[in-house]
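Structural characterization, general
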Amino acid sequence: MTANYGNADRMRRATSALMTTLTALCTVLAVCALLIILSHIAWQGIGSLNFQFLIDRPRPVGEGGGIGNAILGSLVLLLISSAFGLPLGICVGVYLAEIGRGRLGGAVRFIVDTLTGIPSIVTGVFIYAILVIPMKHFSALAGGVALALIMIPIVARTTEEMLKLVPHSMREGALALGAPQWRTILGVVIPAAAPGIATGAMLAIARVSGETAPLLFTAFGSRFFPRSLNEPIASLTVQIYNYAISPYDEWHAQAWAATLVLMTLVLGINIIVRFLTRKKF
Amino acid sequence: MPVQTAAPRIEVKASAPPPTAGGKAKVAVRGLDFFYGRVQALHGISLEIPERIVMAFIGPSGCGKSTFLRTLNRMNDVIPGTRVGGQVLIDDHDIYAPGTDVVELRRRVGMVFQKSNPFPKSIFDNVAYGLRINKVTSSSSELAGRVEEALKDAALWNEVKDRLKTSALSLSGGQQQRLCIARALAIRPEVLLMDEPASALDPIATSKIEELIFDLKKQYTIVIVTHNMQQAARVSDTTAFFLLGKLIEVNATEKMFTAPNEKLTEDYITGRFG
């Protein structure tokens with residue numbers, strides 16, 4: 001081995017060590033930021049958290065009160081948005097991956113990508129214009145539709161990507177057994193991609209459960225428990241926003257506690273979906 | 001293609017019915033041309049496949065034998081930009097005639113692929129898939145019976161009978177391929193197309209598949225594409241040799257490997273090219 005060779009070797013090792021350290025450092029930084037946020041919220045929120053707080057509705061300052069209506073409202077909004085957004089998004093994804101070839105497919109893909117980039121407040125204002133104004137009042141339904149609109153492109157693109165990962169040979173296997181295309185897609189391709197599609201759906205749900213802006217113009221918020229989908233409805237995010245900008249220390253503390261609840265809720269959805277879609281085969 | 005100039009002009013003779021043929025032609029191909037976009041992959045193939053025999057397709061890579069196999073159950077339909085000319089008659093009915101039910105065709109002409117492609121379902125559900133989608137059986141006990149029968153036909157039953165509910169993906173490569181054969185057999189096709197079914201398997205699994213082919217020809221007409229000439233010699237009654245998208249020779253396998261009619265066949269078999 002020449003000296004020159006040894007030099008190159010040392011350089012290679014040094015570069016490798018440097019890069020490994022750099023990536024490790026970046027990872028530690030990112031994880032630290034997350035941990036600091038989480039622990040700070042837990043620290044600030046845990047004090048006001050008790051059972052009464054979780055089931056009560058908001059009360060005037062000094063009388064305690066809780067976020068039971070907001071938790072329920074957030075769940076209702078997620079349910080409405082999932083009912084509209086997930087099936088629509090998945091169908092668009094299936095179209096993009098399995099059916100839409102050529103120009104129309106490309107156009108749809110472009111529109112979906114553009115939709116992903118629309119600021120959520122714009123979605124809120126849009127729904128305000130086409131649903132809230134004609135109906136003449138804010139409603140849970142309008143809020144759910146606004147959130148669904150945000151979900152669709154996320155779900156569509158992840159579904160498309162997951163379906164494309166299913167090997168082509170599997171489709172041919174089903175077709176060769178005399179399965180029509182729709183049965184191949186429904187019975188073989190989608191089940192094969194189901195864990196991935198569910199992960200996409202989960203990400204979309206997690207994403208919209210943190211949305212505040214589109215709800216301000218649509219679901220509006222409420223200090224009471226929801227009675228109908230046709231009325232304004234409370235949500236954790238809007239409640240947090242209202243309490244956080246209020247001048248009262250008690251409400252600030254409640255906002256922290258509500259944030260902790262919201263985070264736990266998202267984590268809970270994540271765990272449940274992971275559990276339901278764990279790899280069976 | 002530069003290779004094309006190297007090969008001499010080929011006179012394709014309309015092949016006489018192979019000597020081993022017992023029954024009438026199950027599949028008759030007349031002047032079949034096939035195009036991938038502007039590239040012609042098959043040139044005027046004419047061939048008859050008699051009932052209940054094993055016919056092997058041999059030839060170098062890219063000679064069109066797999067493409068030809070896939071025209072027999074219209075699997076090429078799913079590839080965009082392909083075009084077919086000529087006729088493929090199965091039981092005297094042109095499968096490329098307008099109004100042909102492709103789903104029905106693929107039920108009658110089953111296929112096993114080069115790479116085993118079990119669905120990510122249980123062993124039972126894999127075999128039952130074709131039966132379920134085609135609504136072949138009327139009761140669950142009948143379904144179970146047909147699944148058992150297919151697995152027995154594919155010589156897999158003894159290995160999997162105690163774990164029918166486990167994932168098909170937990171099987172070994174050779175077992176997965178036999179599962180795919182069982183899946184194809186379950187709907188009782190009339191013709192079984194096999195595209196290099198043993199190319200990814202070890203010698204033991206390969207010999208199992210070959211034994212299986214030997215047993216299956218009592219009931220089915222089998223067409224097998226293979227790269228392995230010993231395999232063609234072992235399992236088939238008739239062999240067809242393809243070169244550059246043309247059918248060079250069809251002959252009884254024994255004759256083909258001892259005294260072929262064509263010089264090109266002899267060159268290929270003796271390893272002078274390909």
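Residues numbered from 1 in each chain as written. Chains lettered and ligands numbered in written order. Predicted model: local features only at pLDDT ≥ 70, side-chain atom pairs only at ≥ 80, totals over all residues.

1. Some remarks on the overall build of chain A
Assigned secondary structure in chain A consists of 11 helices and zero strands. Along its sequence from the N terminus, chain A presents helices and strands in the succession α-α-α-α-α-α-α-α-α-α-α. Relative to a compact globule of 281 residues, whose C-alpha radius of gyration would be 19 Å, chain A shows 24 Å and is clearly more extended. Seen through its C-alpha atoms, chain A measures out along the principal axes to roughly 80 × 60 × 35 Å. Put simply, chain A has 281 residues, and 40% of those count as buried. Counted over contacts in chain A with a minimum sequence separation of 6, partners at least 24 positions apart contribute 74%. (Helix = DSSP H or I, 4+ residues; strand = E, 2+ residues; numbered from the N terminus. Rg over C-alpha atoms; globule rule 2.2 N^0.38 Å. Buried ≥ 20, exposed ≤ 12 C-beta atoms within 10 Å, placed from the backbone. Contact = placed C-beta atoms within 7 Å.)

2. As for the overall build of chain B
The secondary structure content of chain B amounts to 11 helices and 10 strands. What you see for chain B is a C-alpha radius of gyration of 19 Å, in line with the 19 Å of a compact globule of 274 residues. With the principal axes as the frame, chain B shows a C-alpha extent of 60 × 45 × 35 Å. Looking at the 274 residues of chain B, the share that counts as buried comes to 47%. Taking contacts inside chain B between residues at least 6 apart in sequence as the whole, the part at least 24 apart equals 70%.

3. Here we look at helix α8 (residues 203–216) of chain B
Residues that lie three or four places apart on an α-helix share one face, since the helix turns once every 3.6 residues. Residue and element names in this part refer to chain B. Its 14 residues give α8 an end-to-end C-alpha distance of 20 Å, which sits within 8% of 20 Å, the value for a rise of 1.5 Å per residue. Every buried residue belonging to α8 is among I209, L212, I213 and L216, and all of these are buried. Looking straight down α8, one finds that the buried residues subtend no more than 100° of arc, so they occupy a single side. For α8, the exposed residues lying more than 90 degrees away from the buried face are P203 and I204. Each element contacted by the buried residues of α8 is listed here: β3 (54–58), α7 (173–186), β7 (191–195), β8 (221–225) and α9 (229–235). (Expected span 1.5 Å × (residues − 1). Arc of directions from axis to C-beta.)

4. Points about the pairing of strand β1 (residues 25–36) of chain B
All names here are of chain B. As defined by bridge partners, β1 adjoins strand β2 (residues 39–50) across eight bridges and the pair is classed as antiparallel. By the bridge assignment, F34 is partnered in β2 with L42. Counting the residues in the hairpin turn of β1 and β2 gives two residues, including G37, whose phi is positive at 60°. Pairing between β1 and strand β4 (residues 82–90): eight bridges, direction antiparallel. By the bridge assignment, V29 is partnered in β4 with V88. (Pairing = 2+ DSSP bridges.)

5. Here's the deal with the nonpolar core
By size, the foremost hydrophobic cluster in this structure holds 148 residues, and its most contacted members are M151 and A258 of chain A together with A182 and V223 of chain B. The greatest single-element share of this core, amounting to 16 residues, is contributed by helix α6 (residues 140–165) of chain A. Excluding residues within four positions of it along the chain, A258 of chain A makes contact with I67, A70, L236, Q239, I240 and Y243 of chain A. (Core = buried A, V, L, I, M, F, W, Y, C linked by C-beta atoms within 7 Å.)

6. Digging into the domain arrangement of chain A
All names here are of chain A. Domain annotation of chain A identifies domain 1 (3–48) and domain 2 (52–276). A C-alpha centroid distance of 33 Å is found between domain 1 and domain 2. Counting residues at the interface gives seven residues for domain 1 and eight residues for domain 2. By residue class, the composition of the side of domain 1 that touches domain 2 is three nonpolar, four polar and no charged. (Domains from an automatic or database assignment. Nonpolar A, V, L, I, M, F, W, Y, C, P; charged D, E, K, R; others polar.)

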